[in-house]
Amino acid sequence: MSSVCGILCSNAFFVRCGRENVWMETEKLVQRLEQADTIDAYLDAYGSHCNEGFSFSECFDMLFREKNIKKMEILERAGIEHSYAHEIIRGSKKPSRDKVALMSFGMRLTVQETQLLLRHSGFNPLTPKVRRDAVILFALTHGLTVIATNELLEENGLDLLI
């Protein structure tokens, strides 16, 4: 029996196999579920019972290692005060939804990765149905900086990311 844990995202699953982390598209997981002889076989293999087991700091750490960038780079791009950011990363402070978004910009995360980080911070994912979220999603999709994103938010009369 393998030790597999995962994080469910809107259309992907972050699977932890021992010490390795692998992205799996939800479609692939559905295919594996359909091919499984029993639900126990699927659950043993893909650890669906572990979804809620990841904290923000664990999720951040997995994404951080995957991106292979320095924490100082992330913090500078995110515009978050260093000591506060370190408390968030260590898990001693709970970040606000905006701080999670800022960290996402700092790490240059994809929309999918940002949604993942938001969910494991206890927040709803960004949705294009909300004007402010739509601007943030646009900015993430187009690789904008935090400053450029805040300019777009301001131009649209929306609260800045702070």
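You'll find the structure just up there.
Worth saying up front: this structure is predicted, and the values here are computed from it rather than measured.

Participant: I'd like to hear about the packing of helix H6 (residues 97–107) against helix H8 (residues 131–141), residue by residue, with values.
Facilitator: In helix packing, the relevant descriptors are the interaxial angle and the interaxial distance, both defined with respect to the helix axes. Two elements in contact, H6 and H8, have axes separated by 11 Å at closest approach and are oriented at 15°. One way to sum up the angle between H6 and H8 is to call them roughly parallel. H8 is crossed by H6, and the crossing has left-handed handedness. Facing Arg 97, Asp 98 and Phe 105 of H6, the residues of H8 in contact are Arg 132, Asp 133, Ile 136, Ala 139 and Leu 140. Of the residues belonging to the contact of H6 with H8, the class tally is 4 nonpolar, no polar and 4 charged.

Participant: Lay out the nonpolar core in plain terms, naming residues and giving numbers.
Facilitator: Of all hydrophobic cores here, the largest spans 33 residues; its most connected members are Phe 60, Leu 63, Phe 105, Met 107, Leu 117, Ile 136 and Leu 161. Among the elements that make up this core, the one with the highest residue count is H6 (6 residues). The contact partners of Leu 161, leaving out residues within four places of it in the chain, are Asp 98, Ala 101, Leu 102, Phe 105, Arg 132, Ile 136, Thr 149, Asn 150 and Leu 153.

Thresholds, definitions, all that
Residues numbered from 1 in each chain as written. Predicted model: local features only at pLDDT ≥ 70, side-chain atom pairs only at ≥ 80, totals over all residues. Heavy atoms only, no water. Axes fitted to C-alpha atoms, helices over the stretch in contact; angles between N-to-C directions. Helix = DSSP H or I, 4+ residues; strand = E, 2+ residues; numbered from the N terminus. Parallel < 35°, antiparallel > 145°, perpendicular 65-115°, else oblique. Left-handed = near helix turned anticlockwise from the far one by under 90°. Contact = heavy atoms within 4.5 Å. Nonpolar A, V, L, I, M, F, W, Y, C, P; charged D, E, K, R; others polar. Core = buried A, V, L, I, M, F, W, Y, C linked by side-chain atoms within 4.5 Å. Buried < 20%, exposed > 50% of the residue type's maximum accessible area, 1.4 Å probe, protein only.

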